[in-house]
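# Structural characterization, general
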Amino acid sequence: QSSAIAQDDVKKVKLRWYGQSMFQLDTASGKQIVFDPQMMAVFAPPRLNADITLISHPHNDHNQVEILKEKGRVFEGVKPKGKTTEWVAIDEKVGTIRVRTLGTYHDAVNGMQRGKSSIWMVETDGLKIVHLGDLGHELTEEQAKVIGKVDVLMIPVGGIYTLNGEQAKKVVEQLKPRLFVLPMHYGVPGFDDILGPDEFLGEFEKKSIRKTPDTNELVIPVDMTADAPTVVMLGWKVPEKKEPPKKEPEKKEPEKKP
């Protein structure tokens, strides 16, 4: 009994994936942060609440704040400016939560193809949680230095519009996340505009990959330690409540005639 109570007392944060690059983070004190809200039919995300909403760039699979019931403080890492876009340098505290941006490009040619994107760094409960947005290139040494230590990394791996699997592995090596790597922005059944996660997963040993298709939630104790990071493949659907199977009426054996 006492160990169960102690378990409940452990401070933890929770991350839930809703497909593409949309996550909801619950801090240990119950504040909710939503990254890159989207309304893609294949994922059909529910209407969530947010105390803080973080948007990496103004593309419509990343900036649909109207899907949220409560939006809280909305921060945009990239804003339209005339015919182009500009990075917004953000380093703010909302209560005890610190949010910072780092400007990046949506492609490997300095934004010439797809413009700008941004990285979000969230510091809460002693953890640093980093969402790479639609990063399209490996990081410079300077960028990796600005990001600094990372505990949990959300990284696009589906190629075509962002990093592909091989490039994403290099970015993981640049940032050395301590606890978890969460792949995002990859193709799933019904959405094959981008590649699936296999190329990325093929870069890791099987023992460092954990697949949890039946849940979209990862619970992280704030004092967690790990020898090496785990790549967690979350399910993107909210788990459905399963009805208990109905009992079939027992069939009577036909009576044998003498």
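Refer to the structure presented above.
## So, helix 3 (residues 165–175)
Every buried residue belonging to helix 3 is among Gly-165, Ala-168, Lys-169, Val-171, Val-172 and Leu-175, and all of these are buried. Projected onto a plane normal to the axis of helix 3, the buried residues spread over an arc of 160° and lie on a single side. In the core, the buried residues of helix 3 are packed alongside helix 2 (141–147), strand 12 (152–156), strand 13 (180–184) and helix 4 (198–201). You can read the cap of helix 3 off the contacts: a side-chain oxygen lies 3.2 Å from the backbone nitrogen of Glu-166, and it is on Asn-164. Looking one or two places after helix 3, you find Lys-176, whose phi comes out positive at around 50°.

## Some details on the packing of aromatic side chains
Going through the model one piece at a time under the given rule, you end up with six aromatic pairs. Between the aromatic rings of Trp-17 and Tyr-186, the centroid separation amounts to 5.4 Å while the plane-to-plane angle is 40°, which identifies the pairing as tilted. With Trp-17 in strand 1 (residues 12–17) and Tyr-186 in the loop between strand 13 and helix 4, this pair connects stretches of sequence that are 169 residues apart. Like Trp-17, the residue Tyr-186 is buried in the burial classification. Three or more aromatic residues joined by ring pairs make a cluster, and in this case those are Trp-17, Phe-23 and Tyr-186. Across the ring face of Trp-87, the terminal group of Lys-116 is positioned such that the distance to the ring centre comes to 5.2 Å.

## Quick look at the nonpolar core
What tends to happen in soluble globular proteins is that the nonpolar side chains get buried as a cluster. The biggest cluster of nonpolar side chains holds 61 residues, and the ones touching the most others in it are Ile-155 and Phe-200. Filtering out sequence-adjacent residues up to four positions away, Ile-155 remains in contact with Leu-132, Leu-163, Ala-168, Val-171, Val-172, Val-181, Leu-182, Pro-183, Met-184 and Phe-200. In this structure, Tyr-18, Met-22, Leu-48 and Leu-68 belong to the second largest nonpolar core, which totals seven residues.

## Observations concerning the pairing of strand 4 (residues 52–55)
Judged by which residues are buried, strand 4 turns out to be covered on both faces: Ile-52 and Leu-54 on one side and Thr-53 and Ile-55 on the other are all buried. Pairing of strand 3 (residues 32–35) with strand 4 involves three bridges; the strand directions are parallel. Across the sheet, residue Ile-33 finds its bridge partner in strand 4, namely Ile-52. Sheet analysis places strand 4 next to strand 5 (residues 73–76), joined by four bridges and oriented parallel. Bridging from a neighbouring strand, Ile-52 pairs with Arg-73 of strand 5.

Rules used in this analysis
- Residues numbered from 1 in each chain as written.
- Predicted model: local features only at pLDDT ≥ 70, side-chain atom pairs only at ≥ 80, totals over all residues.
- Heavy atoms only, no water.
- Buried < 20%, exposed > 50% of the residue type's maximum accessible area, 1.4 Å probe, protein only.
- Helix = DSSP H or I, 4+ residues; strand = E, 2+ residues; numbered from the N terminus.
- Arc of directions from axis to C-beta.
- Contact = heavy atoms within 4.5 Å.
- Polar contact = N/O pair within 3.5 Å; in protein donor to acceptor, adjacent residues only side chain to side chain.
- Phe/Tyr/Trp six-rings, centres within 6.5 Å; stacked < 30°, edge-to-face > 60°.
- Lys NZ or Arg CZ within 6 Å of the ring centre and 35° of its normal.
- Core = buried A, V, L, I, M, F, W, Y, C linked by side-chain atoms within 4.5 Å.
- Pairing = 2+ DSSP bridges.

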